[in-house]
Amino acid sequence: MDALHPRLLVAGFEEMFRFYDTVLPELLGAVRTRGAAQGPYASWDVAGQGVLALFDRAAAAFAAEAGQGGGAMLVSRVADVDAGYELCLRHGGRPVAAPVDRPEWGPTMRTAHLRDPEGNLWELQAY
């Protein structure tokens, strides 16, 4: 289970994909587990754990909000997206995108997006 990993929101997906697809295997022994140069998503794992994901900023369903701030977000796989989202909001998180099913990302994918108290973007996901 990928408890927490970084995802870069990128404007030049193909260039970023080629860079990381070339360097991550040699530097970290990472294996690409999803995606291709055409995007909009790709990810790499080491020993079954997510180490990096790229996501085309233009393809993000939450693109307007994602465009504010930096080009990175935290991603956590959680048991219950709705409960996790509510927990975060109760403790100072700010809503970005309420929990929603995203079958275009995977047949059982459900996500929510929020900002932590300092404005960092965080995706909660379950699949």
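Residues numbered from 1 in each chain as written. Predicted model: local features only at pLDDT ≥ 70, side-chain atom pairs only at ≥ 80, totals over all residues. Heavy atoms only, no water.

Novice: What exactly am I supposed to notice about the side chain of Asp-56 here?
Specialist: Summarising the element assignment, Asp-56 is placed in strand β4 (residues 49–56). In contact with Asp-56, other than residues within four places in its own chain, are Val-10, Phe-13 and Pro-40. (Helix = DSSP H or I, 4+ residues; strand = E, 2+ residues; numbered from the N terminus. Contact = heavy atoms within 4.5 Å.)

Novice: Please explain the side chain of Asp-45 as it appears in this structure.
Specialist: Its location among the elements puts Asp-45 in strand β3 (residues 41–46). Buried charge without a salt bridge: Asp-45, with Arg-34 as the nearest opposite-charge side chain at an N-O distance of 5.2 Å. Ignoring any residue separated from it by four or fewer positions in sequence, one finds Asp-45 in contact with Gly-29, Ala-30, Val-31, Thr-33, Gly-50 and Val-51. (Buried < 20%, exposed > 50% of the residue type's maximum accessible area, 1.4 Å probe, protein only. Lys, Arg positive; Asp, Glu negative; His and termini not counted. Salt bridge = Lys/Arg side-chain N within 4 Å of Asp/Glu carboxyl O.)

Novice: I would appreciate a short explanation of the packing of aromatic side chains in the present structure.
Specialist: A complete count under the given rule lists five aromatic pairs for this structure. Aromatic pair Phe-13 and Phe-17: ring centres 6.2 Å apart, planes at 20°, arrangement stacked. Taken together, the residues span about one helical turn, with Phe-13 and Phe-17 both in helix α1 (residues 13–28) at a distance of four residues. Phe-17 matches Phe-13 in its accessibility class, with the two residues each being buried. Seen in terms of ring centroids, Phe-55 and Trp-105 are 5.5 Å apart; in terms of plane orientation they differ by 80°. Their pairing is edge-to-face. Pair noted here: Phe-55 is in strand β4 and Trp-105 is in the loop between β6 (94–101) and β7 (110–115), with a separation of 50 residues, a long-range link. Among the residues examined, Phe-55 registers a relative accessible area of 5% and is labelled buried. On the basis of relative accessible area, Trp-105 is assigned to the partly exposed category, the value being 27%. Every member of this aromatic cluster is reached through a ring pair, and the members are Phe-13, Phe-17 and Trp-44. (Phe/Tyr/Trp six-rings, centres within 6.5 Å; stacked < 30°, edge-to-face > 60°.)

Novice: Can you walk me through helix α3 (residues 81–90) in this structure?
Specialist: Because the α-helix completes a turn every 3.6 residues, residues three or four places apart line up on one side. Buried within α3 are the following residues: Val-81, Gly-84, Tyr-85 and Cys-88. An end-on view of α3 places all buried positions within 100° of arc, on one side of the element. Of the surrounding elements, those touching the buried residues of α3 are β6, β7 and β8 (121–126). With a side-chain oxygen positioned 3.0 Å from the backbone nitrogen of Asp-82, the residue opening α3 is Asp-80. (Arc of directions from axis to C-beta. Polar contact = N/O pair within 3.5 Å; in protein donor to acceptor, adjacent residues only side chain to side chain.)

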